[in-house]
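Notes for the structure review
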Amino acid sequence: MHAYGMLMIEHRLIERMLLVIKAALSKIEFRHEIDPVFVDTAVDFIRVYADRTHHGKEEDILMRDLKNKTLSAEDQQVMNDLIRDHMLVRQTTALIGNANDRYRGGDDIALIVIANGLKTLIEFFPKHIEKEDKKFYPASRTYFTDEEDQSMLAEFGELDRKMVYEKYKAVVERLENQS
């Protein structure tokens, strides 16, 4: 498997989560309420899986290595655009998380912020994913030898192992602090 193959597999899981979020958004529009635990789960998925793990592979490994290559102006621009896209995801996810805290506290207006944030994500991600799958990954592959590609793939695997540990270490620490 090429390194970008792993990233594309991760995109398929993100797309599945987007369908779940889209269904929840329909419920918000119909019932004018949402389960805050669902929002917590969606925010956690976006923060940990889509951003820290998936975008982490892109920014901290793939793009790090691309910075050592002489990219075409177009490829450099696409990479810069993707970094800005990732920042938008982080900002939107933070807004949703903060609004969910307010919603739990009885702020019904926060539901609008949650709904708008979720809508932003479900509209944004498909275009972002298509840009990566069809433009960025194929172009970036041309800059690497097979050995470099396999080295990145190995780093991707190591990042996955690290993220699983960090995720569940945080769970244990949170539960310890509740005692």
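Residues numbered from 1 in each chain as written. Predicted model: local features only at pLDDT ≥ 70, side-chain atom pairs only at ≥ 80, totals over all residues. Heavy atoms only, no water.

1. Concerning the confidence of the model for the protein chain
The predicted coordinates ought not to be read in detail in places where the model reports low pLDDT. The condition that has to hold: The quantity known as pLDDT measures the predictor's confidence residue by residue, on a range of 0 to 100. Secondary structure elements are defined from DSSP: runs of H or I of at least 4 residues count as helices, runs of E of at least 2 residues count as strands, and each element is numbered from the N terminus.
Scored by pLDDT, the protein chain has a mean of 94; 99% of the residues are at 70 or more. Between the elements of the protein chain, mean pLDDT differs from a low of 89, seen in helix H5 (residues 146–178), to a high of 97, seen in helix H3 (residues 73–104).

2. A few points about the side chain of Arg141
Which entries qualify depends on this criterion: For every residue, the accessible area obtained with a 1.4 Å probe (protein chains only) is divided by the maximum for its type, and the residue is called buried under 20%, exposed over 50%, and partly exposed between those limits. Identification of polar contacts relies on pairs of N or O atoms within 3.5 Å, with a donor-acceptor requirement for protein atoms, meaning one able to donate a hydrogen and the other able to accept it, and with residues adjacent in sequence counted only if both atoms are side-chain atoms. Should any heavy atoms of two residues lie within 4.5 Å, those residues are considered in contact.
Mapping Arg141 onto the fold places it in helix H4 (residues 110–141). What makes Arg141 buried here is its relative accessible area of 14%. At 2.4 Å, the side chain of Arg141 and the side chain of Asp146 are in polar contact. Other than its neighbours up to four places away in sequence, Arg141 contacts His2, Tyr4, Asp146 and Asp149.

3. A short note on the packing of helix H1 (residues 3–31) against H4
The test is simple: To get an axis, a line is fitted to the C-alpha atoms, and for a helix only the part in contact is used. The angle between two axes follows their N-to-C directions and goes from 0 to 180 degrees. If an angle is under 35 degrees, it is roughly parallel; if it is over 145, roughly antiparallel; if it lies from 65 to 115, roughly perpendicular; otherwise it is oblique. When the near helix sits turned anticlockwise from the far one by under a right angle, the crossing is termed left-handed; a clockwise turn instead gives a right-handed crossing. Residue type decides the class: Asp, Glu, Lys and Arg count as charged, Ala, Val, Leu, Ile, Met, Phe, Trp, Tyr, Cys and Pro as nonpolar, and the leftover types, Gly among them, as polar.
One way to put it is that H1 packs onto H4 with a least axis distance of 10 Å and a crossing angle of 160°. Overall, the two elements H1 and H4 adopt an arrangement that is roughly antiparallel. As for the relative orientation of H1 and H4, their crossing is left-handed in sense. Looking at the contact of H1 with H4 residue by residue, the classes come out as 18 nonpolar, 1 polar and 7 charged.

4. A closer look at the pattern of salt bridges
Heads up, the rule is: Put simply, a salt bridge is a Lys or Arg side-chain nitrogen that is within 4 Å of an Asp or Glu carboxyl oxygen.
What the rule picks out here adds up to 23 salt bridges. For Glu59, the salt bridge identified is with Arg90, shortest N-O distance 3.1 Å. In this pair, Glu59 sits in helix H2 (residues 36–66) while Arg90 sits in helix H3, placing the two residues 31 residues apart along the sequence. For Lys135, the salt bridge goes to Glu74, with nearest N and O atoms at 3.3 Å. In this pair, Lys135 sits in helix H4 while Glu74 sits in helix H3, placing the two residues 61 residues apart along the sequence. A relative accessible area of 39% places Lys135 in the partly exposed class. Salt bridges sharing partners connect three or more residues here, namely Glu10, Lys57 and Asp160.

5. Regarding H1
Note the following rule: Expected helix span is given by 1.5 Å per residue-to-residue step, counting one fewer step than there are residues.
Taking 1.5 Å per residue, 29 residues should reach 42 Å; H1 reaches 43 Å between its end C-alpha atoms and fits that length. Downstream of H1 by one or two residues, His32 has phi in the positive range, about 60°.

6. Some details on the nonpolar core
What counts is decided by this rule: Nonpolar cores are built from buried Ala, Val, Leu, Ile, Met, Phe, Trp, Tyr and Cys residues. Side-chain atoms within 4.5 Å join them into one set.
With 29 residues, the main nonpolar core has Ile28, Ile34, Ile114, Leu118 and Phe125 as its most contacted residues. Within the residue set of this core, elements represented by two or more residues are H1, H2, H3 and H4. Counting residues per element, this core draws most heavily on H4, which supplies 10 residues. The residues touching Phe125, leaving out its near neighbours within four places in the chain, are Ile14, Leu18, Ile46, Ala50, His55 and Val89. Within the second largest apolar cluster, 18 residues are counted, among which are Leu7, Met63, Leu71 and Tyr137.

7. A word on the environment of Glu158
Within the element layout of this structure, Glu158 appears in helix H5. A relative accessible area of 46% means that Glu158 is categorised as partly exposed.

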